[in-house]
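Coordinate analysis (summary)
Each chain, written out:
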Amino acid sequence: MNDTTQASATMRAFSQDTLGGPEVLKPVNVSRPAPGLGQILVRVHATSVNPVDVMNRTSGVFVGEPPFVLGYDVSGTVAAVGPGVTVHRVGDEVFGMLPFPHGLGSYAEYVVAPARPFVRKPERLDHARAAALPMAGLTAWQALVETAGIGEGSRVLINGAAGGVGHLAVQIAKARGAYVVAVAAAANTDFVRGLGADEVIDYTTTAITEATGDLDVVLESVGGEYPVQAVQVLKPGGVLVSTLPPSLAAAAGAAAERGVRLAGLFVEADRLGMRELASLAADGRITPHIGATFALEDVAKAQASRPGAGKTVLVVS
């Protein structure tokens, strides 16, 4: 095997051998994976930083002990297809989410993924914006549409409305015809209004229990005291969906008394949801917002950054 062949058989990734701060993320050269049955090999053009990446880096909570390569979001080009794959061809531009929680590995130049949860990237989105959409968008879609069943006229409160999940949830809710109450910091109120929110609550000055009520759905991604407060502003029969399921325990008693349903959500890679998100993005009804962009080499800086709104994206050169 000559040097050129050797080089083509390896790839660059960022791995960690220990749990800890951003500094544990180190560049490595590893063998390029090959797609197996029902899989595709994707040349990664962009990925993104999600809160769960930081949780895994510091505690391994969902994936166990290192070594591992972080990252779930992918936007890129199909480089190879495995046996039995009919939904994609080499050269297709695709985006999607690796299987949560154990399918991580997108902080790399190439990644192997199940073929069916990936869909064609809308032309309207470049790879950076497409990479900002899968995990956060699927979380919002599965929470609001599949779990809570929002529709025309639903009254929905979205906590953390300027964040990765929240800013997409506002747009999805509006696309479904809902009335949206968004909770965000003062610095982000104009941003959230620009997404289509009907009301905005500045959480630094006003409690949600003082500002609203009679809601059908609350999407909660912050935790702390918010689940208990959310139960108080939901009407009987309403639904509180949390992306932090353990935080719901404190609200269980009050929810039972008020006839409110509690639902804790862990996102799943899903072709149906991805097709819906791709359609909304292609039509301009949702647009992922990038708060900060970094090269893959600067992944440690990216994980230490705190963008004011939207997602942090890693571009793979």
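About the thresholds
- Residue numbering note: each chain is counted from 1, following its sequence as written.
- Reporting in this predicted model follows two pLDDT cut-offs: at least 70 for local features of residues, and 80 or more for side-chain atom pairs to be given and counted; totals over whole chains, interfaces and linings ignore these cut-offs and use all residues.
- Based on all heavy atoms of the structure, the side-chain values leave hydrogens and waters out of the count.
- Helix and strand labels come from DSSP, where a helix needs a run of H or I of at least four residues and a strand needs a run of E of at least two; each type is numbered from the N terminus.
- Each residue's exposure class comes from its accessible area (1.4 Å probe, protein chains only) as a fraction of the maximum for that residue type: buried when under 20%, exposed when over 50%, partly exposed otherwise.
- In the analysis that follows, any N or O atom pair within 3.5 Å is treated as a polar contact, provided that within protein one partner can donate a hydrogen and the other can accept it, and provided that, for residues neighboring in sequence, both atoms belong to side chains.
- The contact criterion used is simple: two residues touch if any of their non-hydrogen atoms lie within 4.5 Å.
- Whether two strands pair comes down to DSSP finding at least two bridges between them.
- Structural elements are reduced to axes, namely lines fitted to C-alpha atoms, with helices fitted over the stretch in contact, and the angle between N-to-C directions of any two is expressed from 0 to 180 degrees.
- Note on angle classes: values under 35 degrees are labelled roughly parallel, values over 145 roughly antiparallel, values of 65 to 115 roughly perpendicular, and the remainder oblique.
- When residues are sorted by character, Ala, Val, Leu, Ile, Met, Phe, Trp, Tyr, Cys and Pro go into the nonpolar class, Asp, Glu, Lys and Arg into the charged class, and all the rest, Gly among them, into the polar class.

Turning to the side chain of N56, a few remarks are in order. For N56, the position within the fold is in helix α2 (residues 51-59). Judged by its relative accessible area of 0%, N56 is buried. In this structure the side chain of N56 is engaged in a polar contact, spanning 3.2 Å, whose partner is the backbone nitrogen of F62. For N56, the residues in contact, after removing those within four places along its chain, are Q16, L19, V61, F62, V63, F68, L70, Y72 and L104.

Here we take up the pairing of strand β6 (residues 93-97). Of all 5 residues making up β6, 4 are buried, and the element is well covered by its neighbours. Relative to β6, strand β5 (residues 73-81) runs antiparallel, the two being bridged by 5 bridges. Its bridge partner lying in β6, G76 is registered against V94. Relative to strand β8 (residues 119-120), β6 is paired through 2 bridges, and the arrangement is antiparallel. Note that in β8 the partner of F95 across the bridge is V119.

The phi angle of most residues is negative, glycine excepted, and most peptide bonds adopt the trans form. Following P66, the chain continues to P67 via a peptide bond in cis, the omega torsion being 15°. Within the secondary structure, P67 sits in the loop between α2 and β4 (68-69). We note that D214 has phi near 60°; this positive angle belongs to a residue other than glycine.

At a minimum axis distance of 10 Å, the contact between helix α4 (residues 134-147) and helix α10 (residues 271-282) shows a crossing angle of 105°. In terms of axis orientation, α4 runs roughly perpendicular to α10. On the side of α4, the interface is formed by P134, G137, L138 and W141, while α10 contributes G273, M274, E276, L277 and L280. Here the residues of the contact of α4 with α10 sort into 6 nonpolar, 2 polar and 1 charged.

None of this, on its own, says anything about what the molecule does.
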